[in-house]
Amino acid sequence: MKGLVLCAGKGTRLRPLTYTTAKHLIPVANKPVIFYTLEFMKKANVNEIAIVVSPENEALFKETLKDGAQLGMHIEYVVQPQPKGIAHAVFISREFLKDEPFLLVLGDNLVFEDTSSVVKSFESENIDAYVLLARVKDPRAYGVAVLEDGRIVHVEEKPKEPKSDLAIVGVYLFRKSVFEAIENIKPSWRGELEITDAIGYLVQKGYVVRAHVIQGWWKDTGKPEDLLEANRRILDAMEDGECAGKIDDSTIVQGRVCVAKGSIIAGSLIRGPVVIGENCRIVNSYVGPYTSIGNGVILENCEVENSILMDESKLSNLSARIDSSLIGKGVSISQNGKLPKAMKFVVGDLSSLEL
């Protein structure tokens, strides 16, 4: 079985971070989101994968993942020139997929559930498509499915009046019949070929479309608050970490804390769960729970918690605690304490500041 990961989205809800990187490469617990997706596929014994990328982010993905050998996978790339929908991305990947069954995953969705049994069931039984679902409080923002005896009998994209609380979570198993479906649907009002319409075609034509309702946690990491929630969840599950850096005697470490090599911590309080990358310097600071600190980060005389700090960022001499924040690569935030007191910013488009 092959795998297809969709990563061509522009990530507009995560700007300005996505002006310089793809949303799927933003780190959660110091690991890019796409790595969790690839681990999910590997657990399902899917190791031959194509990643659908945009022309703008193709080089970033190739630089990060290369050919997948370091992950024990084989990765190819398919460029989607325009964002014409999930079904369109599947269709243009046909040369890679051939006529083989495949696992399709949206690259910004995190699913922490072992689906290997679902994959085995799909491979061994006469099933044309398998769709993963989850119960949600407000299904209006999702594709919604209606089930009868485990079979999908109706699907609808973002309905105003949902017929069930079962949302499509962005994980699918398909056979070659999906290409017939895509050839017979039309673009939606958004100008996109919707995968829900393709699934609906399969249902209407009598193909066997089954569903698996996941019980574990999942998250679409499309917004800053989603990334922070995912960060908390992953850090919560973190086992006692290795402290390979240098921590002086005046520093207090509480709870589960992982410190990578080359990092120096002095005169500080680190309260886990916390993960700290390589070559960081943390001095006279407080790092609170659910904080992920990337490589080469500097913290001096400041407090931070429940946040993600990306590589090479620097926070110094801050009188207020940083909380629930996403700090991008190379960002510098400081307070000089001199008179006259004033605030000075150099802030990019679509940034968000709350003081």
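Residues numbered from 1 in each chain as written. Predicted model: local features only at pLDDT ≥ 70, side-chain atom pairs only at ≥ 80, totals over all residues. Heavy atoms only, no water.

This next bit is on the side chain of Thr-291. Residue placement: Thr-291 occurs in strand 22 (residues 291–293). Polar side-chain contacts of Thr-291 include one of 2.9 Å to the backbone oxygen of Gly-288. Sequence-distant contacts of Thr-291, that is, excluding residues within four places in its chain, are made with Asn-231, Leu-235, Pro-273, Val-274, Val-275, Val-304, Glu-305, Asn-306 and Ser-307. (Helix = DSSP H or I, 4+ residues; strand = E, 2+ residues; numbered from the N terminus. Polar contact = N/O pair within 3.5 Å; in protein donor to acceptor, adjacent residues only side chain to side chain. Contact = heavy atoms within 4.5 Å.)

Okay, the domain arrangement of the protein chain next. Under the domain assignment, the protein chain is made up of domain 1 (2–235) and domain 2 (240–334). A separation of 34 Å is found between the C-alpha centroids of domain 1 and domain 2. Domain 1 puts 11 residues into the contact, and the matching count from domain 2 is 18 residues. Counting each side, the surface lost to burial between domain 1 and domain 2 is near 1200 Å², with a carbon and sulfur contribution of 69%. On the domain 1 side of the contact with domain 2, Asn-30, Leu-228 and Leu-235 bury the most area, a combined 49% of that side's loss. Our count for the domain 1 to domain 2 interface comes out at 0 salt bridges. Our count for the domain 1 to domain 2 interface comes out at 5 residue pairs in polar contact (both at pLDDT 80 or more). (Domains from an automatic or database assignment. Buried area = accessible area lost by both parts, 1.4 Å probe. Salt bridge = Lys/Arg side-chain N within 4 Å of Asp/Glu carboxyl O.)

Right, let's talk about the sheet that holds strand 17 (residues 264–266) for a bit. Here 6 strands make up an open sheet; going across it, the order is 14-17-20-23-26-29 and the pairing parallel. Lying at the two open borders of the sheet, with one neighbouring strand each, are strand 14 (246–247) and strand 29 (332–334). Pairing of strand 26 (residues 314–316) with strand 29, which is carried by 3 bridges, proceeds in the parallel orientation. Counted as the bridge partner of Ser-316 is Ser-334 from strand 29. (Pairing = 2+ DSSP bridges.)

The element strand 4 (residues 48–53) is largely enclosed, with a buried count of 5 among its 6 residues. Pairing analysis gives 5 bridges linking strand 1 (residues 2–6) to strand 4, with the strands arranged parallel. Looking across to strand 4, one finds that Gly-3 is bridged to Ile-49. Two strands pair when backbone bridges link them, and strand 4 and strand 5 (residues 74–79) are joined in this way by 6 bridges, in the parallel orientation. Opposite Ala-50, over in strand 5, you have Glu-76 as the bridge partner. Between the parallel elements strand 4 and strand 5, the chain passes through helix 2 (residues 58–65) in a crossover that is right-handed. (Buried < 20%, exposed > 50% of the residue type's maximum accessible area, 1.4 Å probe, protein only. Right-handed = clockwise from strand over helix to strand, strands pointing away.)

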